[in-house]
Amino acid sequence: MFRSAFRHFSSEYFKKMVVHKNPDISVQSKNFAKNFLKKKPEIIKKEISVSEPLWKEPQLDDNDNDLTEEQQLERQIQKLEPLSRPVVYNLSYYVNKNPVLRTFVQMGVFIRKWDKDPSVAKLVLSLDLDKNVKPFLVFLHDIGVPSENHAFIITKNPAVFQDSLQDLNNRIEYLKSKKFSKEDIVKILCKAPKWLSLNVQEVDTRLGWFQKEFGLTGAELREVVTERPKLVTLPTSIAHKVKFGITDFLDYSPESLKSLLLIYPKLFTKKFEQIEANFIFLTQVAKLTHQDIQLFPSVLVYPLQTLKARFAFLKFLDRIQFDPTKANFVSLKALCESDDRIFCTRTAKTSYDEYKKFLKTL
């Protein structure tokens, strides 16, 4: 009964669409449907760019040739399968259908991060649980990566499944040949999962660049890379721009440059424009010296507006003193305290509410 009602509805709807009311629109719709149904499924699949065709074209019966054109089109519409989901916006739709995605979700992988990159989604959906995923998890376990970090590594670097286990093992063996300890290697992979996707030649070139440009010993290079492995996974052009700006614009010596890298490697993964803006404020307004900043270089990447607000608040309280030999000394570390409440109680010696009121006056 339902099928006959549906056929009657579709028949009446189609007749109204192609015959009545507006001749121009009916002719256009008729031609579009006619041309669309003439196309082969392979062409349709290519045009809409999906892994599977969203519809399939059934073959007409032999007696369909005796039907009118409108009747043939109506028969085709009646035989079309309904679309279960015309458009898929994220990978969560496939979780219950794909064992790999289901396993990732159970592990704690944040698959939502992959929705913005169709190539990643395509790669993940093509993975085999036994051939691709399980061997990689065994590989992580064998090199000492804790199981609680597996999901994070996969979330950050799903492209690692494009590489063979032999290539991955070669990259680990290279680090061992450079005297990185097992603990160092685990720290590197947990902090910068994309390291696994760099081939041996890329890693060797970038490590050599840092050692030469900053005059590092082997032990110093391993220390810096273990502390901040993104120095290697990011393009060396970023670190080169920071190095050039610090020496040529901020007037730091090569020895001071090396000290900055050893104390705070993260500095060389930031934009120089932010470093320069903070440096100008600290030297021209706060009257700090190069040496003061060198002892606590993270102040160069601290949010500038927060620095200005806290400096103004301390000045308002008459507690602005960066000389360690005088009373009410304020260290740069205290000035860059991440928690406003702690800054107020320990450094400004006042309440958080007073600080909030002062911010409203700026």
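Residues numbered from 1 in each chain as written. Predicted model: local features only at pLDDT ≥ 70, side-chain atom pairs only at ≥ 80, totals over all residues. Heavy atoms only, no water.

### Brief notes about the overall build of the chain
The cut-off we apply is this: Only DSSP runs of H or I reaching four residues or more are called helices, and only runs of E reaching two or more are called strands; each is numbered from the N terminus. The cut-offs for exposure are 20% and 50% of the maximum accessible area for each residue type, with area from a 1.4 Å probe on protein chains only; residues under the lower value are buried, those over the upper are exposed, and the others partly exposed. The contact rule is simple, with two residues in contact once any of their heavy atoms fall within 4.5 Å. Each accessible area value is a Shrake-Rupley result obtained with a 1.4 Å probe; residue values ignore everything except the protein chains displayed when judging cover.
Scanning the chain from terminus to terminus reveals 21 helices and zero strands. Scored against the burial criterion, the 362 residues of the chain give a buried share of 36%. For the chain, contacts bridging at least 24 residues in sequence account for 64% of all contacts bridging at least 6. When the accessible surface of the chain is totalled, it reaches about 22,300 Å², and 53% of it is carbon and sulfur.

### Here we look at the pattern of salt bridges
Let me state the cut-off plainly: Any carboxyl oxygen of Asp or Glu within 4 Å of a side-chain nitrogen of Lys or Arg constitutes a salt bridge here.
Per the stated rule, a full pass over the model turns up nine salt bridges. We note a salt bridge from Lys134 to Asp130, for which the minimum N-O separation is 3.1 Å. Of this pair, Lys134 and Asp130 both sit in helix 7 (residues 129–142), four residues apart, which is roughly one turn of the helix. Lys134 gets classed as partly exposed once you look at its relative accessible area, which sits at 43%. As a salt-bridge pair, Asp340 and Arg310 come within 2.6 Å of each other at their nearest N and O atoms. Pair noted here: Asp340 is in helix 20 (residues 340–348) and Arg310 is in helix 18 (residues 304–316), with a separation of 30 residues, a long-range link. Classification of Arg310 as buried rests on a relative accessible area of 1%.

### Looking at helix 6 (residues 118–125)
Using the following cut-off: Arc definition: directions from the helix axis to the C-beta atoms.
Those residues of helix 6 not exposed but buried are Val120, Ala121, Leu123 and Val124. Buried residues of helix 6 fall within an arc of 160° about the axis and therefore sit on the same side. Facing away from the buried side of helix 6 by more than 90 degrees, the exposed set consists of Pro118 and Lys122. Its buried side turned inward, helix 6 meets helix 5 (99–107).

### Examining the environment of Asn169
Checked against the element boundaries, Asn169 lands in helix 9 (residues 165–177). Judged by relative accessible area, which is 34%, Asn169 ranks as partly exposed. Sequence-wise, Asn169 and Leu196 are 27 residues apart; in three dimensions their C-alpha atoms are separated by 9.5 Å.

### A closer look at a positive patch on the surface
What counts, and what does not: Each patch is built from residues that are more than 30% exposed by relative accessible area and take part in no salt bridge. Like charges join if they lie within 9 Å; nonpolar side chains (Val, Leu, Ile, Met, Phe, Trp, Tyr) join within 5 Å. The charged-residue count follows a simple rule in which Lys and Arg add positive charge and Asp and Glu add negative charge, with His and chain termini not counted at all. Lys charges are placed at NZ, Arg charges at CZ, Asp charges at CG and Glu charges at CD.
Together, Arg112, Lys113, Lys116, Lys156, Lys194, Lys230 and Lys266 give the surface a local cluster of positive charge. Inspection of the secondary structure puts Lys116 in the loop between helix 5 and helix 6.

### Regarding unusual backbone geometry
Excluding glycine, residues mostly have negative phi values, and the peptide bonds linking residues are mostly trans. One non-glycine residue, Asn328, lies in positive phi territory at about 60°. Examined against the element boundaries, Asn328 turns out to sit in the loop between helix 18 and helix 19 (332–335).

### So, helix 9
Quick note on the threshold: Helices are assigned an expected span. That span is 1.5 Å times one less than the residue count.
For helix 9, with 13 residues, the first-to-last C-alpha span of 18 Å sits near the 18 Å given by 1.5 Å per residue. When we look at burial in helix 9, the residues that qualify are Leu168, Arg171, Ile172, Tyr174 and Leu175. Along the axis of helix 9, the buried positions cluster into a sector of 150°, meaning they face one direction only. Buried-residue contacts for helix 9 involve helix 7, helix 10 (182–191) and helix 11 (200–214). A positive backbone phi angle near 70° is found at Lys179, which sits one or two residues after helix 9.

### Focus: the confidence of the model for the chain
Heads up, the rule is: By definition, pLDDT measures how confident the predictor is in each residue, and it falls between 0 and 100.
On average, residues of the chain score 84 in pLDDT, and 78% of them reach the 70 mark or higher. Every residue in residues 5–30 is under pLDDT 50, and counting partners more than four places away or in other chains gives 14 contacts. Per-residue pLDDT stays below 50 along residues 47–60; that stretch engages in 21 contacts with residues further than four places along the chain or on separate chains.

### Some remarks on the packing of helix 16 (residues 272–284) against helix 18
Our working definition: Here an axis means a line fitted to C-alpha atoms, over the contact stretch when the element is a helix, while the angle between two N-to-C directions is reported on a 0 to 180 degree scale. An angle below 35 degrees is treated as roughly parallel, one above 145 as roughly antiparallel, one from 65 to 115 as roughly perpendicular, and anything else as oblique. Should the near helix be turned anticlockwise from the far one by less than a right angle, the crossing is termed left-handed; should it be turned clockwise, right-handed. Ten residues, namely Ala, Val, Leu, Ile, Met, Phe, Trp, Tyr, Cys and Pro, are considered nonpolar, four, namely Asp, Glu, Lys and Arg, are considered charged, and the remaining ones, Gly among them, are considered polar.
Put simply, helix 16 and helix 18 touch, their axes get as near as 10 Å, and they point 15° apart. As the angle between them shows, helix 16 and helix 18 are arranged roughly parallel. For the element pair helix 16 and helix 18, the recorded crossing hand is right-handed. Across the interface between the two elements, Ala277, Asn278 and Phe281 from helix 16 touch Leu304, Leu307, Lys308 and Phe311 from helix 18. Tallied by class, residues from the contact of helix 16 with helix 18 come to five nonpolar, one polar and one charged.

### Things to note about the packing of helix 7 against helix 9
With their axes 11 Å apart at the nearest point, helix 7 and helix 9 run at an angle of 15° to one another. Between helix 7 and helix 9, the angle is such that the two are roughly parallel. For helix 7 against helix 9, the interelement crossing comes out right-handed. Seen from helix 7, the contacting residues are Pro135, Phe136 and Phe139; seen from helix 9, they are Leu165, Leu168, Asn169 and Ile172. Grouping the amino acids of the contact of helix 7 with helix 9 by side-chain chemistry returns six nonpolar, one polar and no charged.

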